[in-house]
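Residues per chain are reported as follows:
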Amino acid sequence: MASPVTTIQNVGAYVGQTVQIHGWLYNKRSSGKIQFLQVRDGTGLIQCVAVKSEVGEEIFERCNSLTQESSLTVEGVVREDARAQSGYEITLVAVEALGTSQDYPITLKEHGVDFLLDHRHLWIRTPRQRAILKVRAEVMRAVSDYLDSHDFTRVDPPVLTPSSCEGTTELFETQYFDESAYLTQSGQMYAEAAAMALGRVYSFGPVFRAEKSKTRRHLIEFWMVEPEMAFAEHEDNMQVQEALVTHIVQHVLTHCEDELKALDRDVAKLANVKAPFPRITYDAAIEWLKSHGHEIEWGEDFGAPHESALAEEYDRPLIIERYPTSVKAFYMQPDPNRPEVVLCDDMIAPEGYGEIIGGSERIHDYELLAERFETHNLPTDTYAWYLDLRKYGSVPHAGFGLGLERTIAWICGLEHVREAIPFPRLLYRLYP
Ligand code: 4AD
Ligand code: MG
């Protein structure tokens, strides 16, 4: 084979020419004297047509012996074909088999989800999973593009930490020589330190929560982007959240048209996701829920059904702000006029996808934070460095965490967050 090598997404540049494509056999159909090979290469799927009278006995027989997911190189002439999903078809000239594939476990029929999760290392080869992973990469790109071009500097917090950020019940403990260490639940506290060094920062990486939750919104290991801003308050925080989510959604709509189509996503439901987003207070949310038949009292946290009911009213994410101090984390700044609520917000995605962002202004006063350490029984030795930030040039600051997989699940319209990460860690699932 001497013709140029290309990829399926680029065949359009070679109409009428002979090219080679390296890939895998996705599916095959035959009608006696013609075989149709569906070849995938990671960039797309294309049909290669082998006509016995044209390719000859030997190559035709080779096509015949190819099995699902065997790796191969095909050579053929690129033709435009309006009926094909890719817009092109290849008239096969030659084929070379590389790695064989016997009894491939994932056939083209329906499989149960446990079976698919056991075979996640192969499941990601299917067009649907490929589309999701492509969208994931674009969401990550959009996050970085937006923050990098708005004066945020990426700073990476440690994964192994001596203490918790969001509460002690969900920590993964591990041995760190002679002491205990914990896998990070959130990079926030380190981001706060970095904000005092660099102004506007963000962390972006995996976090770990030993949550015994088996819901369609919970992963044990998930990714969070956590912007943190010095000299910023609650209002600034919400504005950055709206702008970031707007940018992510609009970026995916323009860059992932094919993927969203492959996922059958109703993109009309995403078109209106543009700042400003609707905002209500926790107080108003409680009143609304009560008047719509929900049993909930002021002071209780929302559950998934409450969030879904509230968000259903809107065509874009809903911001709920100023929750009771008692249901939120120790580091949140109280409302100066109403210390029973904190200057925080959660962003709830539409269509039942739940909380995608949690954020707040942080306590910047040393005395108040020290008092919180006492009332929450937090060890001041492991957190001494965090208190130091309030001792040496403390400033009002705010930040938030956006859950990457929940955001992807919403944008792609997935049933469950497990498909939004290449290899999900779930309750009682660590394989593959
Ligand atoms: O609301 P959370 O717990 O906030 C924090 O961790 C803050 N320290 C962030 C900050 O202010 N820097 O988590 C933030 C987001 C949630 O809104 C949700 O989208 C996601 O992380 N999240 C999960 N996603 C998947 N699986 C889980 N188990 C998740 N828990 C939280
Ligand atoms: Mg939260």
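These numbers were taken from a predicted model, which means no experiment stands behind them.

Engineer: Describe the site of ligand 1, with residues and values.
Structural biologist: Near ligand 1, the surroundings consist of 22 residues, among which Glu166, Gln188, Glu211, Glu226 and Glu355 are the closest. The side chain of Glu166 places a nitrogen or oxygen atom 2.7 Å from a nitrogen atom of ligand 1. Backbone polar atom of Gly358 to an oxygen atom of ligand 1: 3.4 Å apart, as the coordinates give it. Considered on its own, ligand 1 offers 630 Å² of accessible surface; in the complex 93% of this is hidden by protein. Contributions of two or more residues to the shell around ligand 1 are made by strand S12 (221-230), strand S18 (354-361) and strand S19 (397-403). When grouped by side-chain class, the residues that make up the shell around ligand 1 number seven nonpolar, seven polar and eight charged.

Engineer: Tell me about a negative patch on the surface, and name the residues and values.
Structural biologist: Taken together, Asp365, Glu367, Glu371 and Glu374 make up a surface patch of like negative charges. Along the chain, Glu374 falls in helix H12 (residues 366-375).

Engineer: So what about the pairing of strand S10 (residues 179-183)? Which residues, and what values?
Structural biologist: Here strand S8 (residues 160-161) runs beside S10; their pairing, made up of two bridges, is antiparallel. Along S10, the bridge assignment pairs Thr161 with Tyr182. By the bridge criterion, four bridges tie strand S9 (residues 173-176) to S10 in an arrangement that is antiparallel. Bridging across to S10, Tyr176 finds its partner in Glu179. Here S9 folds back onto S10, and the loop between the two strands holds two residues, one of which, Phe177, carries a positive phi near 55 degrees.

Engineer: Which residues make up the packing of aromatic side chains, and what values go with them?
Structural biologist: Using the criterion set out here, one finds 13 aromatic pairs in the structure. Centre to centre, the rings of Tyr282 and Phe302 are 5.1 Å apart; their planes meet at 35 degrees, and the pair counts as tilted. With a gap of 20 residues between them, Tyr282 in helix H10 (residues 282-291) and Phe302 in the loop between H10 and helix H11 (304-311) connect regions that are remote in the sequence. Just as Tyr282 is buried, Phe302 falls in that class too.

Engineer: Break down the sheet that holds S8 for me, with residues and values.
Structural biologist: Strand pairing in a sheet relies on backbone hydrogen bonds, with the paired strands running either antiparallel or parallel. Spatial strand order, S8-S10-S9: three strands in an open sheet with antiparallel pairing. Of all strands in the sheet, those with a lone pairing partner are S8 and S9, marking the two edges.

Engineer: Give a description of the confidence of the model for the chain that names residues and reports values.
Structural biologist: The predicted structure's coordinates, where accompanied by low pLDDT, should not be read in detail. Mean pLDDT over the chain works out to 97, with 100% of the residues at or above the 70 mark. Of all the helices and strands in the chain, S10 carries the lowest mean pLDDT, 95, while S19 carries the highest, 99.

Engineer: An account of helix H6 (residues 188-198) is needed here, citing residue identities and associated values.
Structural biologist: Within H6, the full set of buried residues consists of Gln188, Met189, Ala191, Glu192, Ala194 and Ala195. Tucked into the core, H6 has its buried residues touching strand S11 (200-208), S12, helix H13 (384-391) and S19.

Engineer: Got a sec to walk through the pairing of S12? Specific residues and values, please.
Structural biologist: Two faces, one strand: in a regular strand the side chains alternate between the faces of the sheet. Counting buried residues in S12 gives eight out of 10 residues, a clear majority hidden from the surface. One ladder, built from five bridges, connects S12 with S19; its direction is antiparallel. Among the inter-strand pairings, Val225 is bridged to a residue of S19, identified as Leu402.

Engineer: Any details on the side chain of Thr325? Residues and values, ideally.
Structural biologist: Summarising the element assignment, Thr325 is placed in the loop between strand S14 (318-321) and strand S15 (334-335). A residue is classified by how much of its surface remains accessible, and Thr325, at 18% relative accessible area, is buried. For Thr325, the contacting residues outside a window of four places in its chain are Pro339, Glu340, Val341, Val342 and Arg372.

Engineer: Hey, could you go over the packing of helix H5 (residues 127-148) against helix H14 (residues 404-412) for me, with residue numbers and the actual values?
Structural biologist: At a minimum axis distance of 10 Å, the contact between H5 and H14 shows a crossing angle of 120 degrees. As judged from the angle between their axes, H5 and H14 are oblique. Of the two elements, H5 crosses H14, and the hand of that crossing is right-handed. Contact residues: H5 offers Ile132, Val135, Arg136, Val139 and Met140, while H14 offers Leu404, Glu405, Ile408, Ile411 and Cys412.

Engineer: Please provide a residue-by-residue account of H14, values included.
Structural biologist: In terms of residue burial, H14 counts as a mostly covered element, since nine of its nine residues are buried. Taken together, the buried positions of H14 are occupied by Leu404, Glu405, Arg406, Thr407, Ile408, Ala409, Trp410, Ile411 and Cys412.

Engineer: Describe the environment of Val11, naming the residues involved and giving the relevant values.
Structural biologist: As for its position among the elements, Val11 is in the loop between strand S1 (5-6) and strand S2 (18-31). Here Val11 falls in the buried class, since its relative accessible area comes to 1%. On a C-alpha basis, the gap between Val11 and Pro396 in space is 54 Å, while along the polypeptide they are 385 residues apart.

How each quantity is defined
- Residues numbered from 1 in each chain as written.
- Chains lettered and ligands numbered in written order.
- Predicted model: local features only at pLDDT ≥ 70, side-chain atom pairs only at ≥ 80, totals over all residues.
- Heavy atoms only, no water.
- Near = heavy atom within 4 Å.
- Polar contact = N/O pair within 3.5 Å; in protein donor to acceptor, adjacent residues only side chain to side chain.
- Areas by Shrake-Rupley, 256 points an atom, 1.4 Å probe, with all protein chains shown as cover.
- Helix = DSSP H or I, 4+ residues; strand = E, 2+ residues; numbered from the N terminus.
- Nonpolar A, V, L, I, M, F, W, Y, C, P; charged D, E, K, R; others polar.
- Patch = residues over 30% accessible without salt bridge, like charges linked within 9 Å, V, L, I, M, F, W, Y side chains within 5 Å.
- Salt bridge = Lys/Arg side-chain N within 4 Å of Asp/Glu carboxyl O.
- Lys, Arg positive; Asp, Glu negative; His and termini not counted.
- Charge placed at Lys NZ, Arg CZ, Asp CG, Glu CD.
- Pairing = 2+ DSSP bridges.
- Phe/Tyr/Trp six-rings, centres within 6.5 Å; stacked < 30°, edge-to-face > 60°.
- Buried < 20%, exposed > 50% of the residue type's maximum accessible area, 1.4 Å probe, protein only.
- pLDDT = per-residue confidence, 0-100.
- Contact = heavy atoms within 4.5 Å.
- Axes fitted to C-alpha atoms, helices over the stretch in contact; angles between N-to-C directions.
- Parallel < 35°, antiparallel > 145°, perpendicular 65-115°, else oblique.
- Left-handed = near helix turned anticlockwise from the far one by under 90°.

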